[in-house]
Every structure is written in structure tokens, then in C-alpha cells.
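Each chain, letter by letter, is given below.
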Amino acid sequence: MRELIDGNEAIVRGALDSGCDFFAGYPITPATSILLLMSQLLPTMGGVALQTEDEIAAMGVCIGAVLSGARAMTATSGPGISLYSENIGAALMCEVPLVIVDCQRMGPATGGATTVAQSDIQFLQWGTSGGYPQIILSPSTVAECYTLTGKAFALAEKLRMPVFIAADKEMVSTRVTIASDSLTGITSLSRETLPPEEPFQSFPAHQPGQPYPLAHFGGPQLVRVSTSSHDEEGYLTKDARAMERLNNHLWAKVNRIKSELEDVSWDPQNEAEVLIISYGITVQAVTAAVNAARKAGKQVASLVLRSIWPVPENALSTALLGVQRILVVELNHGQYRREVERLAAPGQQVVGINRVDGRLITPEQILEQV
Amino acid sequence: MLEFPNYLNENLLPLPFCPGCGHSIIVDRLNEALIQLQLDPHQVVIVTDIGCSGLADKFFTTNAFHGLHGRSVTYATGMKMANPDLHVIVLMGDGGCGIGGHHLINAARRNIGITVLVFNNFNYGMTGGQVSVSTPSGAITSTTRYGNLEQPLDICQTVAVNGAGFVARTIASDDGLADLIRTSITHDGFALLDIWELCTAHFAPQNQLNQSRLEETIADLGFTRGIIQRNNRPELSWAYRQTHAPNRHTPQSRIGGGLKAKFRAELHAPKRIIIAGSAGMRVGSAAQILASAALLSGLSASQRSEYPVTVRSGFSISELVISPGEVLFSGITKPDILIVLSQDGLTQTANWLQFLTEDDQVFIDDQLPIVETRAEVYQLSLRNIRRKSLRSLAAIASVLGNEEFISIEALKEAISLQIEKSGPFLKAAEQGLHLVV
């Protein structure tokens, strides 16, 4: 059996298969259909979907819900991420597992509501105060919208933090043909919560980066959560050593498993002088271009990134070895190119293939550079 | 002997507030109310906002959440929606009512069953006594040194007029405060107490405010004191569950559903098709039907739509790629078939015409101007299809009638699967076979 579905529906199915039982969001093109589907489905499954007064409330409601035992997701686009900003920090600080979907559209500001872009790719990482590492996954097919949503929930639960899906207008709203069985395989893992006999603790005193199991309001422990700097018991503190322990913990959470988080597809070719790097929607055109180039007898390597942040530095460094030209294909002015440039060796030429007119980069546009 | 004789942590006392500050009184009265109610501390969450009142959660032996400025009501809403058994009590200042006023109004409107205690001392005490939304006109603050020119927000009326379940205004030193807090916690719906008090560090000395002047101020402003509203509107978190319980596990809770290939197709290379019309012509759904027909014929398809933000007016364009193998690139560089249904559609796609070749085809409403292109042009007498909403599908049938890369049977099967009352659409597909002029 095959289906005709778009990325937003695949994301919803990935979320539901992951055990998501709570959604709060605010309508915004091109993320709205996630809100619509969740509002249709969750109430009939014993969950809750709430359309909030704005995006600030959507994030706040999700954070409150997770701390009371829900498994939550929210979805928006660039202008909504702008409003999520302060609560992204809150979710990081309170170690709230949460999946945040950004269906990217053209910016800045209201930009182009129905126009594709990949221009939030740095914003998502640096979009809240404090400068702490985020996890951002970018699906390059509709099937990956499903699988990466499952992965995002698993990582969010494991690391007790928000995890982003960076999709885009074309990915989420273009219907494509996929095999039904590529929309299966996510198992909803039960949340690891604090055993009843264990005392509540906010974060580990001695193992930075290894989150303490979540305890819920209404559960066996009395739970204390704060968006302000806090100690292991959850009390607001100005104690320098306690604050340092917390901040090192939040920093280490992502950084200690950075290499495990790398998720890429590397398609090398012997003696290839050109490497094409892409993520998200541009992968389609890159795949078509690589096929065409190879058919024409050219040697081209391709690296597709599914984990955008943290930057998959091992995979990038490996793929960069030996090539002369690196093409970074993205629908912005070259935001991710800088991450490649800092890893490239002297003499390697890093070239951007970019488009900011709301149209997709075509295979032909890439072939011109190969 | 009470099971819970105290909800304040004696080891952490005394409270950190300035001498004479109303915050200490309110915290004590909240403790008294909780002692009277004997709520299980595990089922109570004290949610604090930013400001001096935000220091209070620390002292309670219940669950506690301290969050961002103004957003306390949103966190509390999420907690209650996820677990309606919880007693969620928000402590916020008048500052929080300013930055989070929007959330306050909407929580009242929703009648979410949380309790909001406003520690209202008419200024931002923690940051040095700046003007707030509740500062009376004429009052001196560190940002209104020559007197406040703005009118104070009537917090109670604001939430009351929007449907809050229980609303009262009181003064921190009032004898009945603990009882009032108890009533607001037990009210099954959104409850707000606007509790007026003295900021002894800033507002009171700046404005010669004392207990008796506090009472006069309420009267001077024409504000009501005491219980302002009490209603029995259904509480949201329970209403949500009651409303949706009967719908549990209805067929709606399943989405998706695959299509099996059962028709033959004659297609050896990808075909790129653009359908260009106007809002109301059901361009997108017709394109989706064609895409489904492709799947029913063992082909692959991708379909994307383009329209202005006003979906019911202006152009409506759908792009399809239909391919014998996987569609790698769903964007369109040049269509093989361009279907033009209206002037809006022509305006949007006119640029393509110059790129079309002799191998390409244009199907166009015969009421539209003659187009200049190297492609083969077929004029369609679409006016014969009276309903505009049927024209997209009829035009698709015309295309397939000309070159049957997907069979008309597959198209009809797709129509029957996708549209509940498919009769007129099936008829339009049949008529479409005879529209080429």
C-alpha cells in the first residue's frame, strides 16, 4: 500500500506513535495543518489539543502540561519561533522534554507566509538567551518527517530538553507518494520517572549532563521547578558553585553525546573532487543532480545532514577529506555554510548554492556548479 | 490533630519581604487557607511569576513552579489541562498583570480552574518602584516622577467581564482574606483575587499611602470591593474531557489509509503538470484526485499547491509530478502540460509559455485570450461545465482523454474514493472527455 501525504501529516503520525498526548499551538502558515490534525485526533484519543491566545502561551501551556505528566508537542513557523524564544529558554532551564516543530517560511518578520525558506537554521540554535546547545533535526523526505519526529521525542525524553524539527513549507505541504510501511516503526517508550521512594532532585549533583528522571506534579514526590538559576533541590539560588553545577550540566547534556547525535547520510565516490552538502528540502534537488552528474560520468560525493545542531563535525570532517570543492545547498544566504567553512582545510573551496526568492533550488542550478 | 498542620517550611522562615510589606500577610493567609482545606500537598502547585511575590513559592511545602514574567497563567493552564486533579495557585504581582494581561483575559474567558492571587502594590517593587498597570492616576513612581498620567487597570472587571468564575477585590489586612482565598481555591473555575497592599519600600512612602488611604483609594477610583463575580460556568479541563469522552475511538482517531495499484498506466518518463485557476475552482482537490489516480495506477506522484493567503479569492495553482518511478524533485522547472482555467491562472503562469516546447501541451479555457507558445494548444469549452468547482476535474479528464497515461477509470475510482457525494464530479469527468474545441 502507498499513500499520498505531506510532511505535516507525517509529523503528526510520528508524534502520535511516540505517545504524544498533548498539543498546544497557534495557527500559522504553513504549520496550521498540524494544529488542525491534532485538534481532530487528540481529543478522541484521550489527549488534549489547545489553541492558545498566542505562541507565547502555546509554549507555556506545553511546559506546564509536561511537568504534570503529559508528552507534548507544539508547531509553528519563524514568526512563532520568535515568540517561543523566552520559553525555549524556560524549557531548557527546567529540563522539560518537548518537541518543537518549525515549518520554516521566508523571513524576516512576517516574510512570505506561503513561501519556502530555510532561514531559521541559525536562529533555532541561538534563538534564546543564554547560548546553550540545542538539538535540531531536519527531515529531507516526508518519511523522515515521521521517523525524525519519533527520534525527536526519544531524544527529548532521554535528555529532558526541547528538541526541534526544522522542516519547511514545501516539505510540510507537498503531498508525495510513500509506502505505508515507511510510516511505521516508532515505538512509544514510557517515560522514565523518578521511583516513588526516591527523593526529588532537580538535576544530578555529580554527573553533569546526565539528567535526573523527571518527577511530575501530582506524583509521589513534591516537585520544585524554577526557570531561575536553581540548586539540585530546585530552590532558586545565587550560590556560585550551585549555579556553575547547573550550567555545566545543561551544557554537558548535549555536548557529552555530541557524536552520538550525528545523523547523516554520506554517499562518497572514489576520487570525487566535489562534495555537495544539503539538508531538508534541498536534498531532493541534490539527489536528482548527483544522479544526473554521475550518469554523465562525473565524480560527485553527497552528504545529507539530518542532525543540524549540534553540527555533526565528525561526519563533516570525514566527508571533507580529499575533496577540492564543497557546495553547500540551502534556501538562505548561506547560513550553514559558515559551519562548513570553519571545518574546511585551507585550500578547500566552500561554495554556496543559495536561493532567497521563494523558489526551490533546481537540480539544474546545482549541476551548473558540479 | 491535623494531617497537614502547616504548608510553610519552618526551616526556611522568616519570609524575606520588607518590614510592613503586604506580601508577608498574603503568604500567611494562603497558608491558613490551605490548612483549613487540608489539601494533599502533592496535589497543590504554587506557581509564581516574577517580582517580589515570585520569592514566595520557596516557602511552601507543596509542589512549586517559578517561571517567566507574565507567563505564570500559561504554565498553570497547561498543568490543569494535563491533570485536572491538581490545585494550581498562581501568585503574581500587578506587574505580571501588565506583561501577562493577555493570558489573564484568556484564562478567564476559558474558565480554566486555576486560582490567581494578585499581590497588587501598584508598582514594580523588585526593580525599584516603577509605574505598573495598576498605579493610580497622579501617583509618583520612579518612572512617573511628575505623576502618573495613565488610568489604572481594573483587574477584577477585566477578568469578570470576560467570564471569570470567581472574582473579588480585597485588602491584604482584611480579616476575611484567608476565607476568601479558601473560597477561590475551591471554586470550580477560574478564580482571581485582587489583593491590595502596601509596598513599604517604594510606593507607600512615595505616595504617603497607609492602610486607611488604601481603602479610600479603592473608593476614590470607583472600584468595587468584595466579591465581584461568582458564576457556575463549566470549568475547562473537565468540560474538555466530558465533551470528548463520547468521541473516543471513533473512526476519526485513525488517519491515513493506503491506495493499492489496480489500473494499468502508460507512462515511461515523469510528467510535470501545472493546473492554474482561481479560488473556488477546487484546483487543489482536483490535483489531489489526479495524484491518487496515479497511485491507483502504480505510478508515483507529488503535488504542491500555490495560492495567496486569501484562500477564497485570487489565483489557485497546483503542481503535479507524475512518474513511473520515485519523484526525486517535486519542484517544477518547466511543465509538460499546462492547464489554464481562468484569467487569474493565466496571469500567474504566463511566464511559462515562452519556455514550452513543441512536445508540451497547453489546455486552456476557450474564453481566455489566445496564447503565444510553441506548445500544442487545446481549447476547452469549459463554459459547458456550469459549476466552476467542477471545471478543474473536467479539464483533467480532457487531458487524459487526449493522452491516456492514466486511465479514465482510475480517475473515476479516485473521485469515488476522495469525494463523498461524487455524482456531479463523476459526471464532470465524463463531460471533460468532450470539451476540446
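Everything below is about the structure printed above this text.
**What about the interface of chain A and chain B?**
Many authors give the size of an interface as the accessible area that is lost as the parts come together. Taken residue by residue, the interface counts 65 residues in chain A and 58 residues in chain B. Tallying contributions element by element places helix α3 (residues 55-67) of chain A first for the side of chain A that touches chain B, with 9 residues. Split by residue class, the side of chain A that touches chain B holds 33 nonpolar, 21 polar and 11 charged. With 2 bridges joining them, strand β9 (residues 175-179) of chain A and strand β11 (residues 300-306) of chain B adopt antiparallel strand pairing. Within the sheet, the bridge partner assigned to V176 of chain A lies in β11 of chain B and is S302 of chain B.

**Topic: the environment of S188 of chain A**
All names here are of chain A. Inspection of the secondary structure puts S188 in the loop between β9 and β10 (224-226). Among the residues examined, S188 registers 15 C-beta atoms within 10 Å and is labelled partly exposed. In this structure, the C-alpha to C-alpha distance between S188 and C145, residues 43 residues apart in sequence, is 16 Å. Those residues in contact with S188, other than ones at most four positions away along the chain, are D17, S18 and G19.

**A few points about the sheet that holds β9 of chain A**
Sheet architecture is open: 8 strands sit in the order β1(A)-β9(A)-β11(B)-β12(B)-β10(B)-β13(B)-β14(B)-β15(B), paired in mixed fashion. Of all the strands in the sheet, just β1 (2-5) of chain A together with β15 (376-380) of chain B have a single pairing partner and so form its edges. Averaged over all adjacent pairs, the angle separating strand axes in this sheet is 15 degrees, with direction ignored. Where strand β10 (residues 271-278) of chain B and strand β13 (residues 337-340) of chain B come together, 4 bridges link them in parallel fashion. Residue pairing across strands places I275 of chain B opposite I339 of chain B, the latter belonging to β13 of chain B. Here helix α10 (residues 283-296) of chain B sits on the sheet and contacts β1 and β9 of chain A together with β10, β11 and β12 (315-323) of chain B; the angle it forms with β12 of chain B, its principal contact strand, is near 10 degrees.

**Structural notes on unusual backbone geometry**
For the bond running from W309 of chain A to P310 of chain A, omega is -5 degrees, close enough to zero to count as cis. Along the polypeptide, P310 of chain A turns up in the loop between β14 (307-309) and α10 (313-320). A cis amide bond, omega 10 degrees, links L13 of chain B with the succeeding residue P14 of chain B. With respect to the helices and strands, P14 of chain B occurs in the segment before α1 (22-37). Positioned with a positive phi, F122 of chain B is a non-glycine residue whose angle comes to about 70 degrees. Relative to the assigned elements, F122 of chain B resides in the loop between β4 (115-120) and β5 (123-124).

**Observations concerning the packing of helix α2 (residues 72-82) of chain B against helix α4 (residues 101-110) of chain B**
Residue and element names in this part refer to chain B. Closest axis-to-axis distance for the α2/α4 pair is 8 Å, and the angle between their directions is 35 degrees. Side by side, α2 and α4 meet where V73, T74 and T77 of the first sit next to H103, L104 and A107 of the second. Split by residue class, the contact of α2 with α4 holds 3 nonpolar, 3 polar and no charged.

**Some remarks on the sheet that holds strand β12 (residues 274-279) of chain A**
All names here are of chain A. Reading across the sheet, the 5 strands line up as β11-β13-β12-β15-β16 and stay open at both edges, with mixed pairing between neighbours. What marks the edges here is a single partner per strand, and that holds for β11 (264-267) and β16 (349-354). Each strand of the sheet is rotated relative to its neighbour by a mean of 15 degrees, with strand direction disregarded. Here 4 bridges tie β11 to strand β13 (residues 300-305), and the two strands are oriented antiparallel to one another.

**Observations regarding the nonpolar core**
Across soluble globular proteins, nonpolar side chains show a tendency to be buried alongside one another. Counting 241 residues, the largest nonpolar core has C62, V99 and V101 of chain A together with V90, L117, I339 and L411 of chain B as its most contacted members. In this view, V99 of chain A contacts A15, M73, T149, A152, F153, A156, V163 and I165 of chain A; residues no more than four positions away in its chain are not counted. Residues C21, F122, A139 and F203 of chain B belong to the second largest nonpolar core, which totals 12 residues.

**A look at the pairing of β9 of chain A**
All names here are of chain A. Across the 5 residues that make up β9, a large majority, 4, are buried. The sheet contact formed by β1 and β9 spans 4 bridges and is antiparallel. Bridge pairing in β9 places I5 opposite V176.

Here is what the cut-offs are and how they apply
- Residues numbered from 1 in each chain as written.
- Chains lettered and ligands numbered in written order.
- Predicted model: local features only at pLDDT ≥ 70, side-chain atom pairs only at ≥ 80, totals over all residues.
- Contact = placed C-beta atoms within 7 Å.
- Helix = DSSP H or I, 4+ residues; strand = E, 2+ residues; numbered from the N terminus.
- Nonpolar A, V, L, I, M, F, W, Y, C, P; charged D, E, K, R; others polar.
- Pairing = 2+ DSSP bridges.
- Buried ≥ 20, exposed ≤ 12 C-beta atoms within 10 Å, placed from the backbone.
- Axes fitted to C-alpha atoms, helices over the stretch in contact; angles between N-to-C directions.
- Core = buried A, V, L, I, M, F, W, Y, C linked by C-beta atoms within 7 Å.

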